[in-house]
Structures are given as C-alpha cells and as structure tokens.
Amino acid sequence: MLSPGILFAALLNGLLTGALYALVALGLTLIYGVLHIINFAHGALLTAAMFAAFYAYRLLGLDPYLAAGILTPAFFGLGYALQRFIIGPASRGEDRNYLLITLGLAVVIENALLFAFRADTRTINLSYAFDVIEIGPAFLAVPRVVAFAVTLGVALALWLFMRWTDTGKAIRAVAREKLGAELSGIEVSHIYAVTFGIGTACLAIAACLLIPTYYVNPNVGNAFVLIAFTIVVLGGMGSVAGALVGGLVVGVAESLGGLFLGESLGQTGIFVIFILTLLLRPAGLFGARA
Amino acid sequence: MRGLAAILLAVALLAVVPALTTSNVALNFMVATLLMALVGQGWNVLGGYGGQYSFGHAAFFGTGAYATAILQLRYSINAWAAFGMGTATAALLGAIIGALCFRSGLKGSYFALVTLAFAEVLRILASVAPITGAGVGLLIKLDLRPEAFQFQSRAPFYWIVLALVAASLVLVHAIENSRFGAWLAAVRENEDAAGALGVDVMRIKLAAMTISAAIAGAAGCFYVQYFLFIDAGIAYGSWISVEALLAPIIGGVGTVLGPLLGALVIKSLGELTKLMTGDAPGLDLAVYGAMLIVVVAFAPRGIAGALLDWRDRLRRRGAGAPVLERGHG
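All figures in this text were calculated on a predicted structure; none of them were measured in a lab.

Enquirer: A description of the overall build of chain B should follow, citing residues and the corresponding values.
Expert: Each helix and strand in chain B was counted, giving 15 helices and two strands. Whereas a compact globule of 329 residues would reach a radius of gyration of roughly 20 Å, chain B reaches 20 Å, a difference of no more than 12%. Out of the 329 residues in chain B, the part that is buried amounts to 49%. Counting contacts in chain B only where the partners sit at least 6 residues apart, residues at least 24 apart contribute 76% of the total.

In structure tokens form, the structure reads like this:
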C-alpha cells in the first residue's frame, strides 16, 4: 500500500511539473485563441530555446534565470518575425496551409539543431540544482518551486496585459472579430505576429526554467508539446485560465499515473485523456462553445 | 484515357530500373522512394481528394506492419496471406478511427491532432505490449523462398512494391473519375453544401479514410517483409506520418501522379544533400521541411500543378488565344 506521505509528495511534484507544462501550453493556447490554428512548430521552438539557454550558460556562463532576461525578448522577436514574414504570407489565411507551414518549420528547426548539435543529450550542472525544500513528507527541488512561482507570475502578467493594455485589447478584439477589428483600424497581421511572438516568448521562459533540472537534445520539445496539446484541448483552445488549470491537472495525472501504472503507461493516460476530450468535448472542459 | 496512359508510361519507365542497375544501394533507394509514394498515395486519397489532413498516418502503416509480422510469428500464417490480412487490419483501424472522429465532427486542426494522438498512443502501447515484442521489436525469420514472400535479390521486391504503387495509381485514377470521387471533392470543397445537396458526407469520408488506411497499411506490410524487422519507433514514428503528407503535398495534392512525383523529387534531393554534406544526420530532413514551406507558399498545387500551369501558358502563347478550359482526359 502507498502511504499518504508518498501520495502527498507525488501530488505536490505533479503540481510543480504541471506548472511548467502549463507555461508551454500558455503560448500554444494564446496563438490558437487569436489565430485559430495549431502551431505545430511549438515543440521545435521550445527545443531551440532550450539550446539557447544551454549555450548561454556553457559559453557565456550566464545563469539560466538571468539568461531569461535576454532570451525572452529575443524569442519574442523571433516569433514575431516568423509569423510576419514566413508563416503569415506563406499560408495566405488558409487553415490547411497553416498546419503544413508550421509543420515544415518544425521539421526544419528540429533537423537543423540535429545537424548542428547531433543527437547527444546535454545537461548543465548548477550549484543549486539539487537544493530541496521540505514540506511535510515531501522534498521539492528548488528550481521547480521557482518554476512554479514564475509560471503563476507569467500567467498573471499575461492576464493583466490582455486586460488593461491597448495591445492586449487589440489582441482580444482580433480574436473575437477579425474583420471588425480590421475595420476599426487594428493592423491584423501585426497583432497576429505580436501574439505569435508572445507565445514564443513563453517558450523562452519555460526553457530557462527547465534547463536547470532537465536535459536538452534535438527531440526534447516533442515530449512537452504533445502534453501541451492535451492541456490546450482539455482546458479549451484559446483559454488562458484553462491552460493553467489543464496544465496542473495533467501534471498531477501524470505523476499519480506514473506511481500506479509505471512510467510509460502513465504517459498513455495523458493521451487517452486527450483523445477522449477531443472526441467527447472538443471545446474543452472550461472552453467556450466552439 | 490520357490519365491511364500517363500511369502506364510512368510504371513502365520505373519497371526497367532493375535491368539498368543491380546495385543494392540504388535498388534500396528506389524501394524507399516507392514506399514513400505508396504511403503518400494513401494520404492523398483522404487529404488530397477528401480535404481531411491526417497527421498520424503512421497509425495505419505501423498496424499493417505489426499485423503482418505477428500473424506470421505467433500464428504461423503464410506471409502472403498475412500481407493481405495486415492490409485489411489497417483498413479496419482506419474505419474505426474515422468513425470516431467524423461522428464527433472533428475537422481541420482537431482532426490533425486526434490522428496524431492515435499514432502516439499506438506507439507507446507497442513499446510495452508483449505481443509486439515491446521495446525489442519483432524479427521475422529468414526464409528465402518466394512462397514466404522473401527473395534472394532485391529486384523481385522492387517489382512488387512497384506493382503496389501501380495498383494504387489505377485505383486513385478510377476514384477520380467516379461518382464517389466527385462526392469526395464536393465534401472537400464545402462539406455543408455537399450535405445539403444529398451527399452522405459521413459515409463518403469514412470510405475515403478506409481506403487511405488500407493503402498506407499495405506499405507497412511490405516494409516488414523487406526489412524483416519492426519496432515501435519505426512503425508508429512521427516521421512516417510526415513523409506520408510530404510526398503528395510537394508532388501535387489531389492529383493521381502527385505522390509518386513528390516522392521521387524529395528522395532524390535528400540523397543529393547527403552527398554534398556527408553523412551527418539532419540536413536532408531540414531540406524536406524547407521544400514543404516553399511549395505551400509558391506552388499550392505542388510540382504537378506548377507543370500543368506552365504547359497551359505555353499552349496559350502557341495558340495566340486564351485557353479557357483545361482538358481532362
């Protein structure tokens, strides 16, 4: 029998992991909410961000938490440029093209990284990587507690940004009614690019939070992005709150599933949730009607 | 008739390849190319003609491959029979996934996601279930007799995969010129309008998905006979799903010869990249991705479409008058 202590620890650790999933999902759901399309390059961009954080430390000696200060705006710019100059013009507003272009981008980015860095798995060693906080019977790794707090902060900041700034209002206007927004003088292709930039910036933050305790290789993003898809679908495509709650739910489900069923079957649990949600409630548990 | 003549010409040209070279490297390359064309043709039926973009055709490829291997290994069924049953299993899976998706009204991004998820679930299950050999995979026993679907040389394999490609070309050509093909195109262009005009949308999509899965499954069955090995990463790997859509999109989506043309161009370019940059992995695949972006951006109907446009322009210039209708033959 499992003791309540172990369950409690698994629950807390699941929440911490779930927060990171939520951060990755946040970018995805934001892009979906505004552009109404799935960004299949999300995982590859996360991988790219993790390599950037890795080399910022390895070559420049930059602590990942400091590197986030540079990488976040850099990835915002990258995402903005990708949407403005490649994805947007190349897909000409057609959903099917959007899927194919982002998939093509994913293939290019992933394999360019594979070519440049080979398939080796890399890790960095930080002095604080193994520090733990003790809460009752649970030991929590400090970097993951930091990640949890930062994710909540980013979600709050994003919510405030969307609520109170002009750009945030413009984004919501475009998401709600594209033509109307365009007629009232909002430059839709700029807003699309800003949204894509924010989504990509979320990945840079996630990468900097992940790298102290995780590894990086050219495939690393895929594992996260499939989970992020699940979260986005579960939380309702386009819903920020849904992504946050969905992320925590999936994190806990994976942690408890792994405890009872073993590592790989625990993962199947996530996909089963995913397929069932898509088939039974495609709008998600919290989402508005599609 | 012109369509059939083009198919015949393409197949005849490809059929003489083993007479020109006995090099195993060249034949391996051609088999891989034709396999890609076959999976691509399967994707083309559903994606190209039906407008449903699947991102998980590996589900059918892998199921065909595993079924063929398991039936031989665990139930001692003859390889040729196993091949047929493997294809049927893949078709059945296509019908089941199709029924689930289409009944829930999944389209566009959602359909792409759910097909991807099915392939991923199958991959994880195959990597732990004992019947699929779990993490080790399945090895088919060497038995070099034609009755066992194994041959001394590569040439018979090549002709068999070519025959499968030829059959898929003829089938798709027949679909294109049938009432079913017209219904399928109607569903692709506007599902609601097609439904309002009395097309049974659900049944049409389901039929397209079943045929599509059968073709991709046949490719999987052939794969396992050719390499005599399968594991979860090969069978259900996402790369198969990507290859399945690359060939038709680049060659010409919703055209009979598009997937074959696409596979030939893609694989040749991939080899060329490898020749120029050495054996470092990744760059050839990056080139595939770049081609996908360029084709979607500049040639929405793929290479075949670009060639047709070019021919029309030449004709128009030759005739000195605008050509209003493109002849279909």
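Okay, back to it.
Enquirer: Report on the overall build of chain A, specifying residues and quantitative values.
Expert: When helices and strands are counted, chain A shows 11 helices and two strands. Going from N to C terminus, chain A has its helices and strands arranged as α-α-α-α-β-β-α-α-α-α-α-α-α. Whereas a compact globule of 290 residues would reach a radius of gyration of roughly 19 Å, chain A reaches 19 Å, a difference of no more than 12%. Counting only C-alpha atoms, chain A reaches 60 × 45 × 35 Å along its principal axes. In chain A, which comprises 290 residues, the proportion classed as buried is 52%. Restricting to contacts in chain A with at least 6 residues of sequence separation, those with at least 24 account for 78%.

Enquirer: Account for the interface of chain B and chain A, naming residues and giving values.
Expert: Every contact between the two is made by 33 residues of chain B and, on the other side, 31 residues of chain A. Contributing elements (two or more residues each) for the side of chain B that touches chain A: α6 (108-126), α12 (238-251) and α14 (283-298) of chain B. With 12 residues, the top contributor of residues to the side of chain B that touches chain A is α6(B).

Enquirer: I'd like to hear about the packing of helix α6 (residues 166-176) of chain A against helix α8 (residues 188-210) of chain A, residue by residue, with values.
Expert: All names here are of chain A. Relative orientation of the contacting elements α6 and α8 amounts to 105 degrees, with a least axis distance of 10 Å. The angle between α6 and α8 places the two elements in the roughly perpendicular class. Facing T167, A170, I171 and V174 of α6, the residues of α8 in contact are V188, I191, V194 and T195.

Enquirer: Run through unusual backbone geometry, naming residues and quoting values.
Expert: Its identity is not glycine, yet A:H36 carries a phi of approximately 55 degrees, on the positive side. Here A:H36 shows up in the loop between α1 (4-35) and α2 (42-60). The class of A:H36 is partly exposed, set by 16 C-beta atoms lying within 10 Å. Look at B:F149: it is not a glycine, yet its phi comes out positive at around 60 degrees. Relative to the helices and strands, B:F149 is located in the loop between β1 (138-139) and α7 (154-176). You can call B:F149 buried: it has 24 C-beta atoms within 10 Å.

Enquirer: Pulling in residues and values, what's your account of the confidence of the model for chain A?
Expert: Across chain A, the average pLDDT comes to 83, with 94% of residues at or above 70. Mean pLDDT values over the elements of chain A span from 74, in helix α11 (residues 263-280) of chain A, up to 91, in α8(A).

Enquirer: Residue-level account of the pairing of strand β2 (residues 138-141) of chain A, with values.
Expert: All names here are of chain A. The pairing of strand β1 (residues 132-135) with β2 spans four bridges and is antiparallel. Across the sheet, the residue bridging to I133 is L140, located in β2. The turn joining β1 and β2, which pair antiparallel and follow one another in sequence, is formed by two residues; a positive phi near 55 degrees is taken by G136.

Enquirer: Explain helix α13 (residues 258-277) of chain B to me, using residue names and the numbers behind them.
Expert: Compared with an ideal rise of 1.5 Å per residue, which puts 20 residues at 28 Å, α13(B) spans 28 Å between its outermost C-alpha atoms and is within 8% of the ideal. Of all the residues in α13(B), the buried ones are B:G258, B:P259, B:L260, B:L261, B:G262, B:A263, B:L264, B:I266 and B:K267.

Enquirer: Describe the environment of B:L20, naming the residues involved and giving the relevant values.
Expert: Residues and elements named next belong to chain B. Among the structural elements, L20 can be located in helix α2 (residues 17-20). For L20, a count of 8 C-beta atoms within 10 Å corresponds to the exposed category. With 98 residues separating them in the primary sequence, L20 and F118 have C-alpha atoms 42 Å apart.

Enquirer: Just give me the short version of helix α5 (residues 142-164) of chain A, but keep the residues and values in it.
Expert: Along an α-helix, residues three or four apart share an orientation, since each turn contains 3.6 residues. The first and last C-alpha atoms of α5(A) sit 33 Å apart over 23 residues, in line with the 33 Å expected at 1.5 Å per residue. Packing partners of the buried residues in α5(A) comprise α1, β2, α8 and α10 (240-261) of chain A.

Enquirer: Tell me what's going on with the packing of α12(B) against α14(B), and back it up with residues and numbers.
Expert: Residue and element names in this part refer to chain B. Packing of α12 against α14 leaves a shortest axis separation of 9 Å and a crossing angle of 40 degrees. Our classification of the angle between α12 and α14 gives oblique. Between α12 and α14 lies a crossing of left-handed hand. Contacts between α12 and α14 involve L246, I249 and I250 on the former and, on the latter, Y288, M291, L292, V295 and V296. A class-by-class count of the residues in the contact of α12 with α14 yields eight nonpolar, no polar and no charged.

Enquirer: Which residues make up the environment of A:A68, and what are the values?
Expert: Examined against the element boundaries, A:A68 turns out to sit in helix α3 (residues 64-91). When the 24 C-beta atoms within 10 Å are taken as the criterion, A:A68 is described as buried.

Enquirer: Any details on the nonpolar core? Residues and values, ideally.
Expert: If you look at the biggest cluster of nonpolar residues, it comprises 210 residues, and the most contacted ones within it are A:V24, A:A49, A:A53, A:A207 and B:L292. Apart from residues no more than four positions distant in its own chain, A:A49 is found in contact with A:L71, A:F75, A:L203, A:A204 and A:A207.

Enquirer: Which residues make up the environment of A:S91, and what values go with them?
Expert: Residues and elements named next belong to chain A. Residue placement: S91 occurs in helix α3. Among the residues examined, S91 registers 22 C-beta atoms within 10 Å and is labelled buried. For the pair S91 and I101, spaced 10 residues apart in the sequence, the C-alpha separation amounts to 6.8 Å. Not counting residues up to four positions away in its chain, the partners in contact with S91 are N97, Y98 and I101.

Enquirer: Residues and numbers for the confidence of the model for chain B, please.
Expert: Residues and elements named next belong to chain B. In the predicted model, chain B carries a mean pLDDT of 87, and 96% of its residues have values of at least 70. Mean pLDDT in chain B bottoms out at helix α15 (residues 302-319), which sits at 81, and peaks at helix α10 (residues 201-227), which reaches 93. Note on residues 323-329: pLDDT under 50 across the span, and seven contacts to partners over four residues away in sequence or across chains. Among the prediction metrics, the complex's ipTM stands at 0.84, with pTM recorded as 0.87.

Reading the values: rules and limits
Residues numbered from 1 in each chain as written. Chains lettered and ligands numbered in written order. Predicted model: local features only at pLDDT ≥ 70, side-chain atom pairs only at ≥ 80, totals over all residues. Helix = DSSP H or I, 4+ residues; strand = E, 2+ residues; numbered from the N terminus. Rg over C-alpha atoms; globule rule 2.2 N^0.38 Å. Buried ≥ 20, exposed ≤ 12 C-beta atoms within 10 Å, placed from the backbone. Contact = placed C-beta atoms within 7 Å. Axes fitted to C-alpha atoms, helices over the stretch in contact; angles between N-to-C directions. Parallel < 35°, antiparallel > 145°, perpendicular 65-115°, else oblique. pLDDT = per-residue confidence, 0-100. Pairing = 2+ DSSP bridges. Expected span 1.5 Å × (residues − 1). Left-handed = near helix turned anticlockwise from the far one by under 90°. Nonpolar A, V, L, I, M, F, W, Y, C, P; charged D, E, K, R; others polar. Core = buried A, V, L, I, M, F, W, Y, C linked by C-beta atoms within 7 Å.

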